[in-house]
Every structure is written in C-alpha cells, then in structure tokens.
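Single-letter residue listing:
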Amino acid sequence: MKNNLQNNKKLDQLDAHSTSNENEKLTTNQGLKINNNQDSLKAGDRGPTLLEDFILREKITHFDHERIPERVVHARGSGAHGVFKLNKSLAAYTKAKFLTETGKETPVFLRFSTVAGSKGSTDLARDVRGFAIKFYTEEGNYDLVGNNMPVFFIQDAIKFPDLIHAVKPEPDNEIPQAASAHDTFWDFISLMPESMHMIMWLMSDRAIPRSLRMMEGFGVNSFKFINEEGKVHFVKFHFKPKLGVHSVAWDEAQRISGVDPDFHKRDLWEAIEKGAFPEWDFGVQLIPEEDEHKFDFDLLDPSKLIPEEEVPVQIVGTLTLNKNPENFFAETEQVAFHPGHLVPGIDFTNDPLLQGRLFSYTDTQLSRLGSPNFHEIPINRSINTVHNNQRDGHMRQQIAKGKTSYEPNSIGGGCPFQAMMSEGGFTSQEERVSGEKVRRRSQSFVDHYSQAKLFYNSQSEPEKLHLQNALIFELSKVTIPEIRERMAGQLAFIDDLLAQKVADKIGVKVKKLNQPNQSIPADANVEELQSKEREPKTKVSEALSMANTIKNTIKSRKIGFIVGNGANGSALNELKTKLEGEGATVEIIAPSLAPVKTDDGSSLTPKHSLTSIASVCFDALYISAGEESTKELVEPQNKHHALNFVNEAYKHCKAIYFGAGTEELYNISNPAFRKHEDRAIITSENKNPEKEFISAIAGHRVWDLELERNS
Ligand code: HDE
C-alpha cells in the first residue's frame with residue numbers, strides 16, 4: 001500500500017501536464033492563452049512574417065532545442081516502473097533498509113538498453129543489454145546499473161573509450177550501425193585476450209534475447225555488503241526472469257530488425273498494458289570478506305563470474321514491472337543512473353572497472369542533461385526529501401528558503417545537520433588501503449581463457465552451434481585477413497574444434513600465437529597462464545546454458561493464427577480460449593485485413609495480413625482447420641506468403657500446429673517436415689494435438705531439431 005502511495009507520488013509529479021480537458025486552453029510557456037495556432041503574424045495576408053511574433057518564436061525555439069545528446073553508450077532504451085519486494089531479510093549481511101525488512105516494497109524504475117547502437121537503432125542487434133534499476137528507497141536512491149551478461153570485455157576503466165570507439169560505427173564512413181561485425185571491433189578484440197570470456201557471451205544467443213522480459217540481469221562488478229556490526233561480505237547481484245531466459249535465432253533477429261525494429265520495446269509495452277507483468281527473482285551471491293582469496297580468479301576482476309556451483313545464488317526478493325512510462329522522454333530518456341548512488345549497507349569494491357565507472361556517470365549526465373540539477377527531474381528525484389546547501393545552477397527547481405547556504409551556521413539554526421550512523425548517515429567501509437602508486441594490472445587478473453572455456457563447455461550442442469555460426473558471421477565481415485587470423489588464434493585457446501570450424505569458414509589457418517597483450521605484466525609466465533592445461537575449478541556450470549532454463553509456461557507468448565474464409569470456427573475458438581487461458585496472446589493473420597467469415601458464419605477481424613507481418617514476430621503458428629480456408633491460403637496471390645510463414649517458423653524451430661483439413665498447405669511446405677518425427681510440427685493426427693502444441697510453445701524452440709534436420 002505504502003509502495004503504491006510512493007509510486008503514485010512519483011507519477012503525480014510527472015502527470016502535471018498530461019491530462020486534457022475542455023477547459024484547458026492552449027497557452028504559451030508564460031501562461032498566455034493563444035487565440036490562433038494556425039497562422040504566424042504577417043505584414044498582410046501575403047506579406048513577410050514579423051519578428052515580433054513572440055508566439056511563433058517561442059514555439060519554434062522550443063522545437064529547435066527538443067533534442068538532448070543521446071547517451072554515448074546505451075542510447076537505445078526501454079523503461080518501466082515497478083516494485084521490488086523483499087521476501088527474505090538480508091539483515092545478517094547488510095543494513096540497507098530495503099534489503100532487511102521482509103515484505104517491504106520499494107518502487108523502482110528499470111531501463112533496458114542496447115549498448116552500441118544509436119537511439120533509433122534496431123532492438124534486435126547482437127549486443128549486450130543494459131539492465132539498470134533505480135530503487136527509490138526511503139534512505140535515498142540506490143542504482144544498480146547492470147547488464148544481461150555477468151562479465152565485461154575489459155578489466156580496467158581506462159580501456160572503455162577504446163572498446164566503445166572500436167565497436168561504434170567506423171569514424172570515416174559511420175558504418176555499420178548497431179553492429180559489432182566490422183573491422184575495428186574485431187581488430188581491438190583480437191588484441192585483447194581479456195575480452196575472450198565476454199566474447200563467448202556476446203556470440204551466444206544471450207545477445208539476441210526473445211524479450212527484455214526473458215533476460216537475466218547482473219550487477220557485474222563485485223560490491224560489498226556491510227551489516228549493522230560492520231561485518232563485510234562481497235556480493236554479486238542477480239535477477240532471474242520467472243519466464244525463463246530465452247532467445248531468438250540470429251536469422252530471425254535479422255528479419256525482425258526489418259519487420260519490427262521496435263520488437264523489444266513493443267513487447268515490453270504490450271505485456272505491461274495487458275497486465276502480464278514481467279517478474280524476476282532477485283538473488284545474491286555472498287562471500288565473507290575473509291574468503292576473498294579462496295577462488296581461482298580475483299573477485300575484483302570484472303571479466304570473471306562466480307560459478308553458481310561454487311557460491312549458490314540465494315533468492316531473496318521479487319522485482320515486478322507493472323506500469324509503462326507516461327512519457328518516454330521525461331522518464332526513460334531523462335532517467336540518470338550512477339553506480340555511485342548508494343545507500344548505507346552497500347559499498348564499492350576496488351574493481352578497477354567499477355572505480356572508473358564511479359567517475360563517469362555524473363560526468364556524462366552533466367553533458368547529456370546539461371545541469372548539475374538533473375537530480376530534480378521528476379524521474380530522478382529521491383522519495384526521501386533532499387536537504388543540503390547546494391544552490392543554483394541551470395534550471396534549478398527548488399526554491400531554497402532562508403539566508404544560509406553553508407554549514408556550520410548559527411543563523412539558520414544550524415540546519416541541515418549531518419546524520420549520525422544510527423540515524424542512517426552514510427559511512428564508507430573503513431578499509432585499510434596501502435600500496436605503491438602503480439599503473440599496472442594485477443597478476444591475479446591474467447588468466448583470460450579459463451572462464452571462456454567454462455562458458456563454452458557449459459553450452460548445449462545447439463548453443464555451441466549458434467555461437468560458432470555467430471563468430472563465422474561476424475568475422476566474415478572483417479575485411480583484413482590478419483585480424484581474422486588473430487581471432488582464430490585466440491579461439492584456439494578456448495576450444496580447438498571451435499577455432500578450426502570458424503577458421504575454415506573465414507579462410508584462415510589456426511595459428512595459436514601468444515598475443516602481445518599489453519595488459520599482461522612483463523614478468524608473468526604467459527605460456528603457463530595461457531596453457532590449455534590451466535583449467536577452471538568448475539568444469540561445467542548449468543546456470544550458464546539457456547537449455548536448462550524454465551520451460552513450463554506459455555504466459556505472454558504470442559501465437560499467430562493463420563486464417564482464411566471458411567475456417568473451422570469452433571476449433572479456432574476452442575484453441576484460442578485454451579491458449580489465452582494459459583496467458584498467451586492470439587493474433588489473427590488473414591490474407592487481407594478484411595473480416596474473415598468462419599464456417600459457422602461468425603466474423604473475425606484480423607490484426608495482420610499475410611503481407612504486413614512475418615512469422616518472426618510470433619512464438620508459434622496455428623494453421624486454422626478447414627479445407628475451404630486452406631484453399632484460400634494456397635491461392636496464387638496468397639500461397640507464397642503463407643508458405644513463407646510456415647517455412648520460416650519451421651526454420652526457426654517453432655511449434656506449428658496444422659489443423660484438420662490443411663493438408664494442401666502442409667504438403668507443399670518445407671519437404672523436410674515429412675522426413676522426421678518432428679516434435680515441433682503438430683497435426684490433427686497427433687494423439688493430443690492441443691496439449692502437445694502448448695508444451696512445444698512452453699519449450700520455446702525445439703533447438704536440437706536444427707541438428708537433426710541438418711544431419
Ligand atoms: Fe556504463 N555507462 N560504463 N557500464 N552503463 C553508461 O552513463 C561507463 C559498464 C551501463 O539506462 C553511461 O548515463 C564506463 C559496465 C548501463 O541510462 C556512461 C565504463 C556495465 C548503462 C557509462 C562502463 C555498465 C550505462 C552512458 C567502464 C555493466 C545505461 C550514459 C569503466 C555493469 C544506463 C549514462 C541507462 C551507461 C560509462 C562499463 C552498464 C558513459 C566509463 C561494466 C546499463 O557514463
């Protein structure tokens with residue numbers, strides 16, 4: 001209840017100018033009612049426009065300044081409001097109130113993003129996804145600015161501009177947009193062995209999610225928890241989607257980019273509008289401070305994860321997104337995250353990537369939002385009242401009262417006072433820090449391949465195949481053979497067969513060379529460090545493969561019903577009711593947008609026509625029962641489109657259910673259907689077709705069919 005109030009409070013602030021009613025008259029920004037919004041002020045009907053037209057000038061000036069600089073990275077985003085509920089107290093580990101009071105609900109705003117592309121780029125780029133959460137806690141805003149992959153490309157912040165310059169469009173011709181498949185990215189990567197683990201993630205299907213609602217979220221960097229007694233634990237943050245972690249096929253991703261470049265944004269929006277609120281289990285991996293050095297990697301190294309077999313994820317809360325933004329710009333665009341927005345009980349580690357991030361985020365808001373007062377923008381406001389002596393600056397909203405803007409003071413009664421720890425005053429962990437002033441990488445960061453191997457070895461066979469094909473796709477776009485060769489050499493440190501298969505397709509030989517990696521300390525034994533014998537403690541980790549994810553629900557899945565006139569109405573309605581009953585969405589696709597008549601005389605309004613959408617926008621297809629309907633679907637003007645639907649869905653291993661009487665279409669579809677006992681293809685002859693259809697949809701895709709079909 002309290003949470004709703006807080007949430008509403010937040011939204012009320014945003015609502016001020018959103019409603020429309022008859023008494024509301026058009027005004028200038030100064031509140032002057034406007035009498036004519038159609039014509040500018042001119043000297044005569046056909047004369048020049050007058051400079052004194054302050055209404056025109058105000059409107060155009062505002063328009064001219066409507067854009068703000070897009071984010072340097074993570075420019076394309078989709079956001080939503082929600083709530084975080086704590087189900088199990090973490091009081092033994094942290095004093096952060098939102099993590100200690102069981103049952104407590106904290107309002108949140110979550111912004112998902114791609115990294116490389118511009119604001120208008122496609123959602124389905126092969127890329128990392130941002131997963132940034134602002135918790136509006138009563139102790140102030142806490143930002144967890146994470147990604148959908150648990151590791152990162154680089155170990156030290158000083159390499160970030162290099163990484164981003166390499167992946168962004170090349171500077172001479174601004175090509176390619178939102179894609180890593182080009183010379184400069186792979187040139188950089190092939191010289192950066194530390195990025196190999198992340199490259200395995202990026203080339204996996206995790207980089208092309210089915211939905212933002214079906215991605216994991218990770219804090220990536222290690223943080224610290226501090227409890228009331230001052231005891232410290234290292235912590236890694238995890239969000240696990242209740243719908244499971246699912247992806248599309250690369251071929252599908254490319255098609256979606258054309259058919260619906262806003263696919264993820266739309267999917268999130270529609271799910272929330274329909275009340276299918278996305279949910280994640282929130283969990284933590286906790287390591288007592290004294291166990292910091294018990295791992296075969298460094299906890300401060302952001303290119304490493306902690307295998308869940310070594311430290312299980314304890315699930316303690318639920319994150320739910322339950323409200324779409326009212327206004328994209330005001331909320332999703334203007335939200336300003338910062339890993340340095342902390343609350344008492346959470347602190348940083350010395351991870352050198354995190355340390356650099358702490359500088360970057362405020363700096364970027366200054367240039368993006370244009371003022372140190374960005375915390376006053378409604379979406380960024382803390383629900384805890386802000387009191388301090390900071391004053392003025394561009395676009396200041398707060399009207400600070402009184403004479404004093406300094407502390408200590410006596411004139412203002414001494415206010416505002418600093419808070420003692422017992423009153424929730426933030427204190428940093430008191431940690432002994434001593435060391436030489438050095439500019440170098442720790443030896444404990446040098447092993448770059450063990451976890452890349454762990455990831456690769458943990459993948460299912462279809463996942464390995466997708467990863468291999470992704471590397472082939474990307475590296476085939478690299479025009480410089482030496483770069484391709486360097487990459488094949490890098491892959492050989494991960495898996496010989498993978499390296500060989502990729503090398504064969506990209507026309508190079510596998511030469512296993514130790515790269516002149518500048519991050520490896522000069523005195524390190526590179527041979528030993530890069531040797532294949534250096535194996536990780538954990539050999540295979542189930543949590544790293546999407547094959548082991550949740551596959552027991554069709555909730556919020558989109559099923560396309562392909563329907564012609566004369567379709568069997570009762571069969572259609574029965575299946576539709578069943579699917580919708582389990583939380584799926586059914587959309588009717590017909591030869592045109594004209595209403596379709598079913599055999600019982602009722603009329604259906606199609607949402608799409610065969611030419612306005614493609615099967616890549618659906619999770620499964622039902623070809624409506626009925627010979628007459630099928631006849632229409634195979635008419636010359638429809639046949640090609642109907643076949644395209646079926647054959648593409650087949651290619652992407654989706655469930656297709658052919659209703660009774662659809663043989664004419666079935667028989668001319670991809671001939672491979674008949675060669676196999678195909679679990680993804682369901683016909684009316686199946687034992688229990690509806691049940692089998694539902695279970696195939698819940699399984700997401702029958703990926704292993706790809707291997708069978710191609711064998
Ligand atoms: Fe960011 N990052 N980042 N980053 N990052 C930004 O801040 C930066 C890194 C992440 O939806 C920028 O407000 C540096 C890791 C997300 O608004 C900028 C380094 C992770 C978002 C910035 C990193 C992230 C950003 C651009 C290396 C995963 C989008 C706009 C030291 C844990 C947040 C902005 C949103 C955004 C800097 C590395 C996640 C420029 C210097 C690692 C999800 O400040």
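See the structure printed just above.
Just so it is clear, the model here is predicted, and its values are computed rather than measured.

Cut-offs applied
Residues numbered from 1 in each chain as written. Predicted model: local features only at pLDDT ≥ 70, side-chain atom pairs only at ≥ 80, totals over all residues. Heavy atoms only, no water. Helix = DSSP H or I, 4+ residues; strand = E, 2+ residues; numbered from the N terminus. Buried < 20%, exposed > 50% of the residue type's maximum accessible area, 1.4 Å probe, protein only. Contact = heavy atoms within 4.5 Å. Areas by Shrake-Rupley, 256 points an atom, 1.4 Å probe, with all protein chains shown as cover. Lys, Arg positive; Asp, Glu negative; His and termini not counted. Charge placed at Lys NZ, Arg CZ, Asp CG, Glu CD. Phe/Tyr/Trp six-rings, centres within 6.5 Å; stacked < 30°, edge-to-face > 60°. Pairing = 2+ DSSP bridges. Axes fitted to C-alpha atoms, helices over the stretch in contact; angles between N-to-C directions. Parallel < 35°, antiparallel > 145°, perpendicular 65-115°, else oblique. Left-handed = near helix turned anticlockwise from the far one by under 90°. Nonpolar A, V, L, I, M, F, W, Y, C, P; charged D, E, K, R; others polar. Core = buried A, V, L, I, M, F, W, Y, C linked by side-chain atoms within 4.5 Å. Near = heavy atom within 4 Å. Polar contact = N/O pair within 3.5 Å; in protein donor to acceptor, adjacent residues only side chain to side chain. Salt bridge = Lys/Arg side-chain N within 4 Å of Asp/Glu carboxyl O.

**Comments concerning the overall build of the chain**
No. 1: The secondary structure content of the chain amounts to 20 helices and 18 strands.
No. 2: The C-alpha extent of the chain, read off along each of the three principal axes, is 90 × 85 × 55 Å.
No. 3: Split into buried and exposed, the 711 residues of the chain put 54% on the buried side.
No. 4: For the chain, contacts bridging at least 24 residues in sequence account for 75% of all contacts bridging at least 6.
No. 5: When the accessible surface of the chain is split by element, carbon and sulfur atoms take 51% of a total near 33000 Å².
No. 6: Across the chain, 84 positive and 100 negative side-chain charges occur, with their mean positions spaced 1 Å apart.

**Digging into the packing of aromatic side chains**
No. 1: Enumeration according to the criterion identifies 27 aromatic pairs in this entry.
No. 2: For the pair Trp250 and Phe473, a centre-to-centre distance of 5.1 Å together with 80° between the ring planes defines the contact as edge-to-face. One end of the pair, Trp250, is in helix 6 (residues 250-259); the other, Phe473, is in helix 11 (residues 461-476), with 223 residues separating them in the sequence.
No. 3: Since its relative accessible area comes to 25%, Phe473 is described here as partly exposed.
No. 4: Feature note: the residues Phe84, Phe98, Phe112, Phe131, Phe135, Tyr142, Phe223, Phe225, Phe237, Phe239, Trp280 and Phe282 constitute an aromatic cluster, connected by ring pairs.

**Description of the sheet that holds strand 17 (residues 655-658)**
No. 1: Across the sheet, which stays open at both edges, the 6 strands sit in the order 15-12-11-16-17-18 with parallel pairing between neighbours. Every other strand in the sheet has two partners, leaving strand 15 (608-609) and strand 18 (681-683) as the edge strands with one partner each.
No. 2: Across the sheet, helix 15 (residues 569-581) lies against strand 11 (558-562), strand 12 (585-590), strand 16 (620-623) and strand 17, angled at about 175° from strand 11, the strand it touches most.

**What to know about the packing of helix 15 against helix 19 (residues 689-698)**
No. 1: Direction vectors running N to C along helix 15 and helix 19 enclose 40°, while the axes themselves pass 11 Å from each other. The angle between the axes of helix 15 and helix 19 places the two elements in the oblique class. Note that helix 15 runs across helix 19; the crossing there is right-handed. Residues Glu574, Leu575, Lys578 and Leu579 of helix 15 touch helix 19, and the partners they reach there are Glu690, Phe693, Ile694 and Ile697.
No. 2: For the contact of helix 15 with helix 19, the residue count by class is 5 nonpolar, no polar and 3 charged.

**Details of the nonpolar core**
No. 1: In this structure, Phe153, Trp186, Ile189, Ile199, Met200 and Leu471 are the most contacted members of the largest nonpolar core, which totals 55 residues.
No. 2: For this core, the secondary structure elements donating two or more residues are helix 3 (160-167), helix 4 (183-190), helix 5 (196-203), helix 10 (450-457), helix 11, helix 12 (481-491) and helix 13 (496-506).
No. 3: A per-element tally of this core places helix 5 first, with 7 residues.
No. 4: If we ignore the near neighbours within four places in the chain, the residues touching Ile189 are Phe153, Leu163, Ser195, Met196, Ile199 and Met487.
No. 5: Core analysis: the next-biggest nonpolar cluster, separate from the first, contains 36 residues, Phe98, Val108, Leu286 and Leu354 among them.

**Some words on the pairing of strand 16**
No. 1: The alternating pattern of strand 16 places Ala620 and Tyr622 on one face and Leu621 and Ile623 on the opposite face, and all of these are buried.
No. 2: Pairing between strand 16 and strand 17: 4 bridges, direction parallel. Bridging from a neighbouring strand, Tyr622 pairs with Tyr657 of strand 17.

**Here's the deal with the pairing of strand 12**
No. 1: A large share of strand 12 lies buried, amounting to 6 of its 6 residues.
No. 2: Residues Thr585, Glu587 and Ile589 of strand 12 are buried on one face, and the alternating residues Val586, Ile588 and Ala590, pointing to the opposite face, are buried as well.
No. 3: Note that strand 11 and strand 12 share 5 bridges and pair parallel. Paired with Gly560 across the two strands is Glu587, which belongs to strand 12.

**Let's talk about the site of the ligand**
No. 1: Lining the immediate environment of the ligand, one finds 22 residues, of which Arg71, Arg111, Ser360, Tyr361 and Gln365 sit closest.
No. 2: Arg71 places a polar side-chain atom, nitrogen or oxygen, 2.8 Å from an oxygen atom of the ligand.
No. 3: Residue Ser360 places a side-chain N or O atom 3.0 Å away from an oxygen atom belonging to the ligand.
No. 4: Of all elements in the fold, only strand 3 (129-137), strand 4 (140-147) and helix 9 (352-369) reach the threshold of two or more residues within the shell around the ligand.
No. 5: Take the shell around the ligand: its biggest share by element is 6 residues, from helix 9.
No. 6: Counted by class, the shell around the ligand contains 11 nonpolar, 8 polar and 3 charged residues.

**Thoughts on unusual backbone geometry**
No. 1: Here the amide bond leading from Ile175 into Pro176 is cis, since omega sits at -5°, within 30 degrees of zero.
No. 2: On the secondary structure map, Pro176 appears in the loop between helix 3 and helix 4.
No. 3: Residues Glu407 and Pro408 are joined by a peptide bond in cis, for which omega reads 5°.
No. 4: One can find Pro408 in the loop between helix 9 and helix 10.

**Here's the deal with helix 4**
No. 1: With 6 of 8 residues buried, helix 4 lies mostly within the body of the structure.
No. 2: Within helix 4 the residues assigned to the buried category are Asp183, Phe185, Trp186, Phe188, Ile189 and Ser190.
No. 3: In this structure, the buried residues of helix 4 make contact with helix 3, helix 5, helix 11 and helix 12.

**Considering the pattern of salt bridges**
No. 1: Under the criterion given, the structure shown has 38 salt bridges.
No. 2: One salt bridge connects Glu587 with Lys558, and the closest N-O pair in it is separated by 3.6 Å. Pair noted here: Glu587 is in strand 12 and Lys558 is in strand 11, with a separation of 29 residues, a long-range link. We note that Glu587, like Lys558, is buried.
No. 3: Taken together, the shared-partner salt bridges in this structure form one network comprising Arg210, Arg213, Asp267, Arg557 and Asp619.

**Digging into helix 10**
No. 1: Burial within helix 10 is extensive, with 7 of its 8 residues counted as buried.
No. 2: Against the buried residues of helix 10 lie helix 5, helix 11 and helix 13.

**Structural notes on the side chain of Asn638**
No. 1: Structurally, Asn638 can be placed in helix 17 (residues 636-651).
No. 2: Only 2.8 Å separates the side chain of Asn638 from the backbone oxygen of Glu632, close enough to count as a polar contact.
No. 3: In this view, Asn638 contacts Pro591, Leu610, Glu632 and Leu633; residues no more than four positions away in its chain are not counted.

**Topic: the packing of helix 5 against helix 10**
No. 1: Where helix 5 contacts helix 10, the two axes come as close as 7 Å, and the packing angle between them is 25°. Relative to helix 10, the element helix 5 lies roughly parallel. Contacts between helix 5 and helix 10 involve Met196, His197, Met200 and Trp201 from the first element and Gln451, Ala452, Phe455 and Tyr456 from the second.
No. 2: For the contact of helix 5 with helix 10, a count of residues per class yields 6 nonpolar, 2 polar and no charged.

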